[in-house]
Amino acid sequence: MAFIAAASFVSCTAQDIALPSPDMNQKSQSTVEALATRHSVREYDPKALNNQELSNLCWAANGVSRDSNHRTAPSAMNRKEIRLFVFTADNVYEYMAVENKLRFVVAGDQRALIAGGKSFSQDFVKEAPVSLLMVIDFDIYGSQDEHAIVMGSVDAGNVSENINLYCQSVGLATVPRASMDVDGLRTLLGLSNSQLPVMNNPVGYPKK
């Protein structure tokens, strides 16, 4: 895989990160191989992902595909209602697919909210250098009725499966999860009642 050192990115502002273009020539397994070998991993090397790796990962999850109106993950009626938040040891960002950048949201290590709440927490999540959070934005979808909730959940699953297969294909480790501190995340990210955190994937290199 062709990686670019973390220091080489260009900031859109003092805090946003303009990502390098996704590497379309990186070494990876075939789709069939990734399907055959995909498995959940709950132990991670703490090594941080650099900006090229983050770009590749976010693009695979829900980036721009054949044109700016389409994403790598399908969504109901192409509503594109799944918002992708990136939690690192330093900050929280939102992935902006068309601009291919990480928009700064909150400073600090907030991965404990992805790990869980006061009554239930899976501490292994805090060892993963990155966690990707999928949020259904019903304002974008245009409805919050029962059908919208079902379809938004399906679309979040589509993004999560992209993450699962991509990680398997390039030697990264991940596990799809629905456990998290939903109320804490809503407060942290300034989400409304029409924006629902629904799935997350911690991501890193497998622990040696």
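Values in this document were obtained by computation on a predicted structure and should not be read as measured data.

1. Details of the pattern of salt bridges
A full pass over the atoms with the stated rule returns 6 salt bridges. For R83, the salt bridge is made with D137, and the minimal N-O distance between the two is 3.1 Å. Of this pair, R83 sits in strand β3 (residues 82–88) while D137 sits in strand β6 (residues 130–137), and the two are 54 residues apart along the sequence. Here R83 matches D137 in class, with each residue buried. With a closest N to O distance of 3.3 Å, D123 and K126 form a salt bridge. For D123, a relative accessible area of 46% translates into the label partly exposed. Take K126: its relative accessible area is 36%, and that puts it in the partly exposed class. Each member of the salt-bridge network shares a partner with another, and the members are R83, E94, R103 and D137.

2. Remarks on the nonpolar core
Ranked by size, the top nonpolar core spans 37 residues in total, and within it V86, L102 and I163 carry the most contacts. Within the residue set of this core, elements represented by two or more residues are α2 (51–62), β3, β4 (91–96), β5 (101–107), β6, α4 (138–141), α5 (146–170) and β8 (195–206). Per-element tally for this core: the top contributor is α5, with 7 residues. Once residues within four sequence positions are removed from consideration, I163 is found in contact with L57, A61, L132, M134, T174, N201 and V203. Judged by nonpolar contacts, the second largest core, of 20 residues, contains V41, V125, L185 and L189.

Definitions and limits used
- Residues numbered from 1 in each chain as written.
- Predicted model: local features only at pLDDT ≥ 70, side-chain atom pairs only at ≥ 80, totals over all residues.
- Heavy atoms only, no water.
- Salt bridge = Lys/Arg side-chain N within 4 Å of Asp/Glu carboxyl O.
- Helix = DSSP H or I, 4+ residues; strand = E, 2+ residues; numbered from the N terminus.
- Buried < 20%, exposed > 50% of the residue type's maximum accessible area, 1.4 Å probe, protein only.
- Core = buried A, V, L, I, M, F, W, Y, C linked by side-chain atoms within 4.5 Å.
- Contact = heavy atoms within 4.5 Å.

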